[in-house]
Amino acid sequence: MNNHQHPGASHVTTPQDDAPRERPVTPADVADAARLVSFGLQAKLLPARDAEYAELVRRHREDPQFARLADAVAAGLGLVVLEVSARAGMALAAAEDSVFAVRMGDYSRRAASETADRFLHGLAHLAVAALAFPRPEDLADDGYLGRVTVNGVDAFVRQACRRLEERAEEAGDNTDPASDAPGLEAAWRVWTRRSTTGATKDARRLSGSTIGITGKAVAFLVDSGFLQKTSDDSGGTYRTTARYQLQVRDLAASAAMAELLDLGVVPVGDGAATLLPADHTEELVADAGLPFHAL
């Protein structure tokens, strides 16, 4: 029996026949992928400001083979690709064991020598994130820009501390918690006992004051490409970046973030988030201003 196909019969294709064949990866492709990752590591650089960066981002989005290559280069460096887009560029987060990791502990040790101060720096960062994106829809909206002020962050934390103090009194807890007690309950006494501004002989704010600590935290976020300064009002006014929004999306699931927002210091029921009226018996900085708003 003749097993040859009849000349008039149509050729039956297989899925392998239809699948596009990937071209071989060249050293130039690897160099371009590494170049894209290097752009992503420059936190303040955006594709809109660099034509080569913009072209590599476009290639990542349109060429799956190049995207896989660039993502593999990032993974090999201990980096996680959060997003690649025209608005954020190649947004990267460093894994804990990455040489590029900037650990919060390292930052806080550079910023403060005392353990209590390092704890306050962490609380300041948590407060900035909570104020910048107080609602889930703010984090989900790529067009949302939050605004924070240094004085507003301090006012927010002090009001949160007041809520925690009230909760402790209702529970009959009038004694100081252990220094290693978890959660925000251990934090409010430390923050409220610290001076808001203090002053040096030339009227500069003390670095160990709560305003000084908040200012350092915000400066770190600016250097990391997470915030951009817009004015000197209210101790310094800053707006969020796409890169920061991506980072806070990961933070939003943390227990500390949820606990801080659950205090109700930021009422958002009407869609317009604002601070509660300040208790004027507290030590608050004048002109704290709204710590955030949608632009």
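Thresholds applied
Within every chain, residues take consecutive numbers counted from 1 along the sequence as written. Local features in this predicted model are restricted to residues of pLDDT 70 or higher, and side-chain atom pairs are both shown and tallied only at a pLDDT of 80 or more, whereas totals for entire chains, interfaces and linings draw on every residue. Side-chain descriptors were evaluated using all non-hydrogen atoms of the structure, hydrogens and water having been removed beforehand. Comment: elements are numbered from the N terminus, with helices defined as DSSP H or I runs of at least four residues and strands as E runs of at least two. Partly exposed residues are those whose accessible area sits between 20% and 50% of the maximum for their type, while under 20% is buried and over 50% is exposed, using a 1.4 Å probe and protein chains only. Computed with a 1.4 Å probe, the accessible areas rest on the Shrake-Rupley method; for each residue, only the protein chains presented here act as cover. DSSP bridges decide pairing: two strands pair if at least two such bridges lie between them. Whenever a helix is involved, its axis is fitted only over the stretch in contact; in every case the axis is a line through C-alpha atoms, and angles between N-to-C directions fall within 0 to 180 degrees. Between two residues, a contact is recorded if the distance between any of their heavy atoms is within 4.5 Å. A score between 0 and 100, pLDDT records how confident the predictor is in each residue. The method works on a 1 Å grid over the protein atoms by themselves. A cavity is a set of points holding a 1.4 Å probe that cannot get out, a pocket is an open set with protein on both sides within 12 Å along at least five of seven lines, and residues with an atom within 4 Å of a point line them. Grid points are joined across faces, edges and corners, and a volume is the space filled by probe spheres set on the points. For this classification, the nonpolar set comprises Ala, Val, Leu, Ile, Met, Phe, Trp, Tyr, Cys and Pro, the charged set comprises Asp, Glu, Lys and Arg, and every other residue, Gly included, is treated as polar. Take the residue count of a helix, subtract one, and multiply by 1.5 Å to get its expected span. Orientation labels follow simple angle bins: below 35 degrees gives roughly parallel, above 145 gives roughly antiparallel, 65 to 115 gives roughly perpendicular, and whatever is left gives oblique. Two joining distances apply to patches: 9 Å for like charges and 5 Å for nonpolar side chains (Val, Leu, Ile, Met, Phe, Trp, Tyr), and every residue must have over 30% relative accessible area and no salt bridge. By definition here, a salt bridge exists when the distance from a side-chain nitrogen of Lys or Arg to a carboxyl oxygen of Asp or Glu is within 4 Å. Within 3.5 Å is the distance limit for a polar contact, defined as a pair of N or O atoms, with the added protein rule that one can donate a hydrogen and the other accept it, and that residues adjacent in sequence qualify only through two side-chain atoms.

1. Focus: the overall build of the protein
The helix and strand inventory of the protein stands at 12 helices and five strands. Buried positions account for 41% of the 295 residues belonging to the protein. A total of about 15900 Å² of accessible surface is found on the protein, and carbon and sulfur atoms cover 54% of it.

2. A word on the sheet that holds strand E3 (residues 147–149)
The strand order E3-E5-E4 describes an open sheet built from three strands, whose pairing is antiparallel. Of all the strands in the sheet, the pair left with one neighbour each is E3 and strand E4 (227–231). Averaged over neighbouring strand pairs, the angle between their axes works out to 35 degrees when direction is ignored. With three bridges connecting them, E3 and strand E5 (residues 237–240) associate as antiparallel partners. For Val148, the partnering residue across the bridge sits in E5 and is Tyr238. Against the sheet, helix H8 (residues 150–170) contacts E3 and E5, and its axis sits at roughly 80 degrees relative to E3.

3. As for the confidence of the model for the protein
Here the protein averages 74 in pLDDT, while 63% of its residues score no lower than 70. A low-confidence stretch, residues 177–182 (pLDDT under 50), is modelled with four contacts involving residues beyond four sequence positions or located in other chains. Here residues 267–295 scores under 50 on pLDDT; set against residues more than four positions off or in separate chains, the count is 81 contacts.

4. Thoughts on the pairing of strand E1 (residues 79–85)
Sheet faces and side chains relate simply in a regular strand, where the side chains alternate between the two faces. Pairing of E1 with strand E2 (residues 89–94) involves six bridges; the strand directions are antiparallel. Its bridge partner lying in E2, Val81 is registered against Leu92. Hairpin geometry of E1 and E2 is characterised by an intervening segment of three residues between the two adjacent antiparallel strands.

5. Observations concerning empty space enclosed by the protein
As enumerated under the stated definition, the model contains two cavities of 30 Å³ or more in all. Estimates place the volume of the largest cavity at around 40 Å³. Taken together, Arg23, Val25, Asp29, Arg59, Asp63, Gln65, Phe66 and Leu69 make up the lining of the largest cavity. Take the lining of the largest cavity: its biggest share by element is three residues, from helix H4 (residues 64–76). Tallied by class, the residues present in the lining of the largest cavity amount to three nonpolar, one polar and four charged.

6. Regarding H4
Taking 1.5 Å per residue, 13 residues should reach 18 Å; H4 reaches 18 Å between its end C-alpha atoms and fits that length. Considered for burial, the residues of H4 that qualify are Gln65, Phe66, Ala67, Ala70 and Ala74. Packed against the buried residues of H4 are helix H2 (27–40), helix H3 (51–62), E1 and E2. Positive backbone phi, approximately 75 degrees, marks Gly78, located one or two places after H4.

7. Points about the packing of H3 against H4
With their axes 5 Å apart at the nearest point, H3 and H4 run at an angle of 110 degrees to one another. In terms of orientation, H3 lies roughly perpendicular with respect to H4. On H4, the residues touching Leu56, Arg59, His60 and Glu62 of H3 are Pro64, Phe66, Ala67, Ala70 and Asp71. A class-by-class count of the residues in the contact of H3 with H4 yields five nonpolar, one polar and three charged.

8. Structural notes on a nonpolar patch on the surface
A cluster of nonpolar side chains, Leu41, Leu77, Val99 and Phe100, forms an exposed patch at the surface whose accessible area comes to about 360 Å². Along the chain, Phe100 turns up in the loop between E2 and helix H5 (104–111). Under the relative-accessibility criterion, Phe100 is labelled partly exposed at 37%.

9. Remarks on the environment of Thr214
Take Thr214: it is sitting in helix H10 (residues 210–223). Placed 89 residues apart in sequence, Thr214 and His125 show a C-alpha to C-alpha distance of 7.8 Å. The residues touching Thr214, leaving out its near neighbours within four places in the chain, are Ala124, Val150, Val153 and Trp191. Among the polar contacts listed, one links the side chain of Thr214 to the backbone oxygen of Thr210, at a separation of 2.8 Å.

10. Re H10
With 14 residues, H10 extends 20 Å from end C-alpha to end C-alpha; this agrees with the ideal 20 Å at 1.5 Å per step. The buried count for H10 comes to 11 of 14 residues, which makes it a mostly enclosed element. Among the residues of H10, those classed as buried are Thr210, Ile211, Gly212, Ile213, Thr214, Gly215, Ala217, Val218, Phe220, Leu221 and Val222. Directly after H10, the chain includes Gly225, whose backbone phi takes a positive value near 80 degrees.

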